[in-house]
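Here is what each chain is made of, one letter per residue.
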Amino acid sequence: YNVARFGRFDDPKKLFHHFHEIERHGYEFYSVMEGLRSRGNIADFIQLIIRGEQAYAYTLDLSEYGIRTGCSLAEKGFWPGGIAPFGYDRMTYAADGQPRYRYVTRSDKTVEKYAPDGLLLDTFAPVQDKGKVRSAYSDKLRTEKVKLVPNPAQARIVSQIFEWFVREGWGLKKIAGALNRKGTSAPRGRNWLQGSVRGILRNPAYRGAVVYGRRSDGKHHDVRFEKAGIGFVPKMTPRRVARRGFV
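First, a word on scope: everything that follows refers to the structure included in this document. Everything numeric in this text was worked out from a predicted model, so none of it was measured. (Residues numbered from 1 in each chain as written. Predicted model: local features only at pLDDT ≥ 70, side-chain atom pairs only at ≥ 80, totals over all residues. Heavy atoms only, no water.)

1. A few points about the nonpolar core
Step number 1: Ranked by size, the top nonpolar core spans 22 residues in total, and within it Phe86, Ile161, Leu179, Trp192, Val197 and Ile200 carry the most contacts.
Step number 2: Mapped by element, the contributors of at least two residues to this core are β9 (145-150), α4 (152-167), α5 (172-181) and α6 (194-202).
Step number 3: When residues of this core are assigned to their parent elements, the largest contribution, 5 residues, is made by α5.
Step number 4: Grouped together as the second largest cluster of nonpolar side chains are 7 residues, Phe9, Leu15, Phe19 and Leu36 included. (Core = buried A, V, L, I, M, F, W, Y, C linked by side-chain atoms within 4.5 Å. Buried < 20%, exposed > 50% of the residue type's maximum accessible area, 1.4 Å probe, protein only. Helix = DSSP H or I, 4+ residues; strand = E, 2+ residues; numbered from the N terminus.)

2. Regarding unusual backbone geometry
Step number 1: With phi around 75 degrees, Lys109 is a residue other than glycine that occupies positive phi space.
Step number 2: Position of Lys109 relative to the elements: it lies in the loop between β4 (99-105) and β5 (111-114).

3. Things to note about the packing of aromatic side chains
Step number 1: Per the counting criterion, the structure on display carries 10 aromatic pairs.
Step number 2: Chaining the aromatic ring pairs together yields one cluster made of Phe6, Phe9, Phe16, Phe19, Phe29 and Phe45.
Step number 3: In this arrangement the basic side chain of Lys113 is found over the ring face of Tyr101, its NZ or CZ atom lying 4.1 Å from the centre.
Step number 4: Taking NZ or CZ as reference, Lys147 lies 5.7 Å from the ring centre of Tyr93, over its face. (Phe/Tyr/Trp six-rings, centres within 6.5 Å; stacked < 30°, edge-to-face > 60°. Lys NZ or Arg CZ within 6 Å of the ring centre and 35° of its normal.)

4. Here we look at the pattern of salt bridges
Step number 1: Per the stated rule, a full pass over the model turns up 11 salt bridges.
Step number 2: Between Arg37 and Glu28 there is a salt bridge, with its nearest N and O atoms 3.0 Å apart.
Step number 3: Residue classification places Arg37 among the partly exposed residues on the basis of a relative accessible area of 33%.
Step number 4: Between Glu226 and Arg224 there is a salt bridge whose closest N-O contact spans 2.9 Å.
Step number 5: Its relative accessible area of 29% is what places Glu226 among the partly exposed residues. (Salt bridge = Lys/Arg side-chain N within 4 Å of Asp/Glu carboxyl O.)

5. Section: the environment of Pro99
Step number 1: Counting through the fold element by element, Pro99 comes out in strand β4.
Step number 2: On a C-alpha basis, the gap between Pro99 and Val146 in space is 9.3 Å, while along the polypeptide they are 47 residues apart.
Step number 3: The residues touching Pro99, leaving out its near neighbours within four places in the chain, are Met91, Thr92, Tyr93 and Pro116. (Contact = heavy atoms within 4.5 Å.)

6. A closer look at a nonpolar patch on the surface
Step number 1: A contiguous nonpolar surface patch, about 330 Å² in accessible area, is contributed by Tyr212, Val223, Phe225 and Phe232.
Step number 2: Topologically, Tyr212 is positioned in the loop between α6 and β10 (221-228). (Patch = residues over 30% accessible without salt bridge, like charges linked within 9 Å, V, L, I, M, F, W, Y side chains within 5 Å. Areas by Shrake-Rupley, 256 points an atom, 1.4 Å probe, with all protein chains shown as cover.)

7. Side note on the packing of helix α2 (residues 14-24) against helix α3 (residues 42-75)
Step number 1: Where α2 contacts α3, the axes come no closer than 10 Å and their chain directions differ by 120 degrees. Viewed along their axes, α2 and α3 adopt a mutual orientation that is oblique. Touching Leu15, Phe16 and Phe19 of α2 are Phe45, Leu48, Ile49 and Gly52, all from α3. (Axes fitted to C-alpha atoms, helices over the stretch in contact; angles between N-to-C directions. Parallel < 35°, antiparallel > 145°, perpendicular 65-115°, else oblique.)

This is the structure in structure tokens:
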């Protein structure tokens, strides 16, 4: 359709490497919207580089917008996105503040959609994404906001973990062992490990604090958070070379 849909490369010259590969297999690249082709003249090549650079700049803007939006939602108490922490479900709210649907993610990554009164309305099967299995996206509207609400069964497990750790002085290994002996469901559907117990104890969501940006595998920006008044503001630096890196 256009050059941007072909690839938003951090270096627009990478376009020509892929054009070469396409032509090596007997095909040609043609952009319907711009009327540019990989076997065109010098003017086409210049336009391809310019369009590629513009596409990457647009990607950077989207990345920065996404990070700032996530921070703004968390600051207002809304869930910025992703899988809810163990012990919580996602509840969508309409523009008038009324709850609409509860989304429950199961250990096999199936997502169940419930009405506020508990009636099961729909089930979304997990999907294959780049060789991995992930939960399907919910069908919430753009105008709806999401808040975390306790999952009754899992919330009791979380409370028990804090009880053992704080009041009884148990260690992570002992807590994980006790949960496994009781046959308690783990966050990822497997056995409880020390790391999964530590993750719950260190997650501020169980203190009622919605946070964003603790961990990132972003491709285009390095992010740090600076104190500003009673909150924090994100400071983003574009990466010279786009890469995936867990921070």
